[in-house]
Every structure is written in structure tokens, then in C-alpha cells.
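If you want the building blocks of each chain, they are given just below.
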Amino acid sequence: MAQAKQIEEVGSAVLSGSGRDVIRQLNLSPGRRTVAVTFADNEQGAAAERVIHQVVEFLPQLIQERQEDTLKKMVNLLLTDVTPSKAAREQARMLIEAKTAILNSGDFLPATEVAKLAGFSSTNLSVQPNKWKRSREIFAIQHGREDYLPLYALNPADHRPRREMAEILEVFGDAKDGWGLAFWFAGLNSFLDDERPQDVLAADPERVIAAAKDEMAEYEHG
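Residues numbered from 1 in each chain as written. Predicted model: local features only at pLDDT ≥ 70, side-chain atom pairs only at ≥ 80, totals over all residues. Heavy atoms only, no water.

Trainee: Teacher, can you tell me more about the pattern of salt bridges here?
Mentor: Should their charged atoms come close, side chains of opposite charge can pair. Applying the stated criterion across every chain, the model contains nine salt bridges. With its nearest N and O atoms 2.3 Å apart, the salt bridge here joins glutamate 90 to arginine 93. One end of the pair is glutamate 90 and the other is arginine 93, both in helix 4 (residues 86–103) and three residues apart, which spans about a single turn. Owing to a relative accessible area of 35%, glutamate 90 belongs among the partly exposed residues under this scheme. In this structure arginine 93 comes out as partly exposed when scored by relative accessible area, which is 36%. Here glutamate 113 and lysine 116 are joined by a salt bridge, their closest N and O atoms 3.6 Å apart. With glutamate 113 and lysine 116 both in helix 5 (residues 111–117) and three residues apart, the pair spans about one turn of that helix. A residue is classified by how much of its surface remains accessible, and glutamate 113, at 33% relative accessible area, is partly exposed. (Salt bridge = Lys/Arg side-chain N within 4 Å of Asp/Glu carboxyl O. Helix = DSSP H or I, 4+ residues; strand = E, 2+ residues; numbered from the N terminus. Buried < 20%, exposed > 50% of the residue type's maximum accessible area, 1.4 Å probe, protein only.)

Trainee: Hey, could you run me through the packing of helix 4 against helix 8 (residues 178–186) in this one?
Mentor: In a packed pair of helices, the relevant descriptors are the angle between the two axes and the axis-to-axis distance. At their nearest, the axes of helix 4 and helix 8 sit 11 Å apart, and the two run at 75° to each other. With respect to each other, helix 4 and helix 8 are oriented roughly perpendicular. Two secondary-structure elements touch here, helix 4 through Leu95, Ala98, Lys99, Ile102 and Leu103 and helix 8 through Trp179, Ala182, Phe183 and Ala186. Across the contact of helix 4 with helix 8, the residue classes tally to eight nonpolar, no polar and one charged. (Axes fitted to C-alpha atoms, helices over the stretch in contact; angles between N-to-C directions. Parallel < 35°, antiparallel > 145°, perpendicular 65-115°, else oblique. Contact = heavy atoms within 4.5 Å. Nonpolar A, V, L, I, M, F, W, Y, C, P; charged D, E, K, R; others polar.)

Trainee: Looking at this structure, I do not really get the nonpolar core. What am I missing?
Mentor: The nonpolar side chains of soluble globular proteins are, as a tendency, buried together. Core analysis: the largest hydrophobic core is formed by 31 residues, its most contacted members being Phe108, Phe139, Ile141, Met165, Ile168 and Phe185. For this core, the secondary-structure elements that each account for two or more residues are helix 5, strand 5 (146–150), helix 7 (163–172), helix 8 and helix 10 (205–220). When residues no more than four places from it in sequence are discounted, the contact partners of phenylalanine 108 are Ile102, Phe139, Ile141, Tyr148, Leu149, Pro150, Tyr152 and Ala182. (Core = buried A, V, L, I, M, F, W, Y, C linked by side-chain atoms within 4.5 Å.)

Trainee: Looking at this model, I keep getting lost on the pairing of strand 5. Mind explaining?
Mentor: Put simply, side chains in a regular strand alternate between the two faces of the sheet. When you tally the buried positions in strand 5, you get four out of five residues, the bulk of the element. The pairing of strand 3 (residues 108–110) with strand 5 spans three bridges and is antiparallel. Bridge assignment links proline 110 to a residue of strand 5, and that residue is tyrosine 148. Sheet topology places strand 4 (residues 141–143) next to strand 5; three bridges connect them, and they run antiparallel. Across the sheet, the residue bridging to isoleucine 141 is tyrosine 148, located in strand 5. (Pairing = 2+ DSSP bridges.)

Structure, rendered in C-alpha cells:
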């Protein structure tokens, strides 16, 4: 006897039975596209029918996921042809120049080099700098796959982070990332009489802490 299972979400049906039974059901079906699979062996046919029923049950979800994936690919393809505005290009150029200046300034060294200067074990030189960064005793900028640490944030005697750095980083919290902090330390600061925080840090760290608090007060008040 013929059996049919209607999947209302996509208007699909699994029709099974003899050839004549299926043809009779197709004549009554509103569907416009049909895929027929025939089996000479009844046992194989019954097993295949169970599998087909399961596939059709999940068909709406599969179709939707495929459509969403295709749509995402189309959007990404079209976005590659979108030309950035002149202002966006200029902003990108300035950011690249600023980062290049920081990297070429000689004020930063790879974290592994700092660890060597500090006399840490050569087996894994990145361990201690990572601990400093996680405990917010120092910040780092990333270039390629390596962290770079600011030399001005280290005590020249032992190449460990200056005590005041932790307080400065606490003042900024999450308001600035590593590059944002690098730009702030390297920029002329009106609170410090147009001196750079990194140049004042060693001689007068309390003024730099005060400058950081002033910066955050302006940031919080817009």
C-alpha cells in the first residue's frame, strides 16, 4: 500500500509504493519537481525509504542553512568591491605612519629580548613578560606574532616593570589598548607642559600618574 509523508515547511513529500501507486499520487500532487528512486529488492527499498524520510525531515533546516551560507558569501564578495572613502583611506594612512614611527623609535623591544636582558631562563623567554602583562604591570604592543614591551616602562637596573606602571595602567583600565597606550606615552601632553609622558616617567612618575587621571577625566566627561 502506498505511503506518503508531507513536509509542510517546504511542501515536500516522500511517496512510496508500487510504480502505479506513486504515479497516481503524483497526479494528485501540486509539486512541480519530482525525483524518483526505484528498488528491485523490497528489503533494500524499505531501508532506503526510512533513510529518505529522515533526510526530508531535516530538509527545511538544511535548505535554510545553505541559503544563509550562500547569502554571506555573496555579501562578502560584493564588499570586496566597495572602495573606502577618502577620509577612511587618510585615517588608515595616518595610523600606519603612527605605528611605524613607534616601532622604529627604539623605545620598544621584543618581549623575548627583554626577558634576556632581565636574566630569565632561555627555555621559555616569553613566560615572565606574559605574566607581567596579565597582571597589568606593563603593557605590550603586538607586531606580527610577537609582543613588544616599552623600555621606558622598565627599571634600567634590572629590566623589570617600574612600580608606577601598574598604577598608570589601573587608571586607564580598558579605555586604551596596547597601541593606544603607546600613542599616549609618545604624544606631547599639555598637562605635562607639552612633554611626553614616557620622557617624564623616570624623573617624575607621580606627574605622569596625574596626567593619566586627567586624561581619563576628560574621556569620561566626553
